[in-house]
Amino acid sequence: MTHVVLVAEELAPSAIDVLATDFDVRHVDGTDRPALLAALGGADAVIVRSATQIDAEAIAAAPRLKVVARAGVGLDNVDMAAATARGVLVVNAPTSNIVSAAEQAVALLLAVARHTSVAHASLRRGEWQRAKFTGVEIQGKTVGVVGLGRIGVLFAQRMAAFGTRLIAYDPYVQPARAAQLGVRLVGLDELLRESDFVSIHLPRTPETVGLIGEKELRLVKPTVRIVNAARGGLIDEQALADAIAEGRVAGAGLDVYTKEPCTSSPLFDLDNVVAVPHLGASTVEAQDKAGLAVARSVKLALEGEFVPDAANVQAGGMVHEDVRPLLPLAEKLGQVFTAVAGGIAAAVEVEVRGDVVAHDLSVLKLAATKGLFTAVVEEQVTYVNAPLLAGARGVEVRLSTVPDTLEHPTVVSVVGALPDGRSVGVSGMVTPGGERLTELDGYPLELVADGVLLFFRYVDRPGIVGTVGTILGRLDVNIAAMQVARRAAGGEALMTLTVDSPVSADLLAEAAAAIGATAASTVDLTGG
């Protein structure tokens, strides 16, 4: 069945082209709530910008949903908790518009310093009033940057070219890092008192909403100009309007508002306010970058690939190219572990041995955890909700690494202790022919980790292989590969088989009883 990608807001044509090659792309007006909820019923992915709300209700209306993509930086219109609980991946394009947003802040600062918009409106009315619109220079002024994240840094770098003195407030940036940028870190109150221009570059969080209000606006110089091209609600808009009207603030440049769309505000009546309708990301370049970034992430997600920069995946940063081939192996090892264990372990350790341990391997723990629960729970198990499922069941999954400088391939093992005291362990590696199982509870294996696998433990004696083959053949189950491992003749043996079709619990039990097996299990890796 072809996956359905629902596009709820305008998306760059180049992004649509990426998706349309492999998926059924459908469109809906995301601001039309009934239409959105109806369309979500058949969607495997939905792409939005800032106007569409993907909340718990929307996620509940989409039983097939696998990924929510925001073609932009923020995610405040997506219910991350609801998505994570459902195992739905949430992705955005965190770097797509950072240049455009920084340039927009510079544009607003210049426009408010030189009365550009009101002078333009005056001239269009047929007036020529040069003296009325005398502005101020930027050179030599103190510019306060509230937030030294990626956009704040780009803004500071651009303002440095104007010959300004740069100060910044950001409690999460080290003074040495700020000094490298030519910026002096100060407290927020000091920044407000000293700055001739203030530009805000913070995310909207419970801690930052209303950060600059009536109290803070009484600290500033009456000549200060304030710019907000970050997120609405960081400045108390009524307090700002009052401060400008009373002459306590010289002007403001605004791109964002507490509630959007915003077409009515006391700020819009003030001549020394430059206000535009959230245009920070509205450049051809930013739209192309955002659309292409989320289209590629959606494509990866729907094809079952790992999406390294997903916002709600607990897995370090970018996945190194040497680590990526190990992802399906770790997931399959988790599946085999659960099948052989016959239940959930109290604690599981994912061990990685080889030169690859020089890289961040946290994603392998995540992949193994996904495999552990794939056949255990009814809901969809993904990289997103696997840690939640483990936590809810009290299963601790740890990662350990063993550097190996010898010329051996990387080996991944999943080992765990069961509540009854038993220990189970399975190991594997990636070869040119794909993933292979190399060991199970100390028994050496040479088994392709694909298809439907059967495992039998029994006392080694003649006729066992024939008995199992006869039972499977009677029910038309074809054996594709088989091997037996034992530690000593007449002792415990492990038989592994790869068969062409799934085996029912009744058939597995029949075969196990026929050979007196002490343990029998099956796992289907065709979808892993």
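Reading guide: rules and limits
- Residues numbered from 1 in each chain as written.
- Predicted model: local features only at pLDDT ≥ 70, side-chain atom pairs only at ≥ 80, totals over all residues.
- Heavy atoms only, no water.
- Helix = DSSP H or I, 4+ residues; strand = E, 2+ residues; numbered from the N terminus.
- Rg over C-alpha atoms; globule rule 2.2 N^0.38 Å.
- Buried < 20%, exposed > 50% of the residue type's maximum accessible area, 1.4 Å probe, protein only.
- Contact = heavy atoms within 4.5 Å.
- Areas by Shrake-Rupley, 256 points an atom, 1.4 Å probe, with all protein chains shown as cover.
- Expected span 1.5 Å × (residues − 1).
- Salt bridge = Lys/Arg side-chain N within 4 Å of Asp/Glu carboxyl O.
- Pairing = 2+ DSSP bridges.
- Phe/Tyr/Trp six-rings, centres within 6.5 Å; stacked < 30°, edge-to-face > 60°.
- Lys NZ or Arg CZ within 6 Å of the ring centre and 35° of its normal.
- Axes fitted to C-alpha atoms, helices over the stretch in contact; angles between N-to-C directions.

With that settled, the discussion passes to the overall build of the protein chain. Helices and strands together make up the secondary structure of the protein chain, namely 17 helices and 22 strands. Against the 2.2 N^0.38 benchmark of 24 Å for 528 residues, the protein chain shows a C-alpha radius of gyration of 30 Å, more extended than a compact globule. Considering only C-alpha atoms, the protein chain reaches an extent of 105 × 50 × 35 Å along its principal axes. The proportion of buried residues among the 528 residues of the protein chain is 50%. Within the protein chain, residue pairs in contact and separated by at least 24 positions form 63% of the contacts whose partners lie at least 6 positions apart. In the form shown here, the protein chain has an accessible surface area of approximately 23,700 Å², with 53% of it arising from carbon and sulfur atoms.

Take helix 14 (residues 362-373) next. Taking 1.5 Å per residue, 12 residues should reach 16 Å; helix 14 reaches 18 Å between its end C-alpha atoms and fits that length. Within helix 14, 10 of the 12 residues are buried, which leaves the element mostly enclosed by the surrounding structure. Of the residues making up helix 14, those classed as buried are Val 363, Leu 364, Leu 366, Ala 367, Ala 368, Thr 369, Lys 370, Gly 371, Leu 372 and Phe 373. Close packing links the buried residues of helix 14 with helix 13 (326-341), strand 13 (347-353), helix 15 (386-392), strand 14 (396-402) and strand 15 (411-417).

Let us look at the pattern of salt bridges. Pairing is possible between side chains that carry opposite charge, provided their charged atoms lie close to one another. Scanning all chains against the criterion turns up 25 salt bridges. Between Glu 214 and Arg 218 there is a salt bridge, with the nearest N and O atoms lying 2.5 Å from each other. Since its relative accessible area comes to 31%, Glu 214 is described here as partly exposed. We classify Arg 218 as exposed; its relative accessible area is 53%. Three or more residues joined by partner-sharing salt bridges are found here, namely Arg 165, Arg 184, Glu 190 and Glu 194.

All right, on to the environment of Ser 423 then. Residue position: Ser 423 is located in strand 16 (residues 423-431). Along the backbone, Ser 423 and Val 348 are 75 residues apart, and their C-alpha atoms lie at a distance of 9.9 Å. Dropping the residues within four chain positions of it, Ser 423 is found in contact with Val 415, Gly 416 and Asp 441.

Right, let's talk about the pairing of strand 15 for a bit. Judged from the 7 bridges that link them, strand 13 and strand 15 form a sheet pairing that is antiparallel. Each residue of the ladder has a partner; that of Val 352, found in strand 15, is Val 412. Sheet analysis places strand 15 next to strand 16, joined by 6 bridges and oriented antiparallel. Across the sheet, residue Val 412 finds its bridge partner in strand 16, namely Gly 428. Taken together, strand 15 and the strand that follows it, strand 16, pair antiparallel across an intervening segment of 5 residues, in which Gly 421 is found at a positive phi of about 95°.

Turning our eyes to something else, we now look at the packing of aromatic side chains. If you walk through the whole model with that rule in mind, you get 1 aromatic pair. Arranged with centres 5.7 Å apart and planes meeting at 90°, the rings of Tyr 257 and Phe 268 form a pair that is edge-to-face. Here the residue Tyr 257 occupies a position in the loop between strand 11 (251-254) and strand 12 (273-275), and Phe 268 occupies one in the loop between strand 11 and strand 12, the gap between them amounting to 11 residues. Of the residues examined, Tyr 257 reaches a relative accessible area of 5% and is grouped as buried. A relative accessible area of 32% places Phe 268 in the partly exposed class. Arg 487 extends its terminal NZ or CZ atom over the ring of Tyr 443, reaching a point 4.0 Å from the ring centre.

Further remarks concern the sheet that holds strand 18 (residues 443-448). Taken in spatial order, the 6 strands line up as 14-13-15-16-17-18 in an open sheet, and their pairing is mixed. Each end of this open sheet is capped by a strand with a single partner; those strands are strand 14 and strand 18. Taken over all neighbouring pairs, the strand axes of this sheet differ in orientation by 20° on average, direction set aside. Helix 13 contacts strand 13, strand 15, strand 16 and strand 17 (434-440) of the sheet and is inclined by roughly 155° relative to strand 16. Set on the sheet, helix 14 makes contact with strand 13, strand 14 and strand 15; between it and strand 14 the angle comes to about 135°.

On to the side chain of Gln 104, then. Within the secondary structure, Gln 104 is located in helix 5 (residues 98-113). The buried category is assigned to Gln 104, whose relative accessible area is 14%. If we skip the residues at most four places from it in the chain, Gln 104 touches Ala 229, Asp 255, Val 276, Leu 279 and Gly 280.

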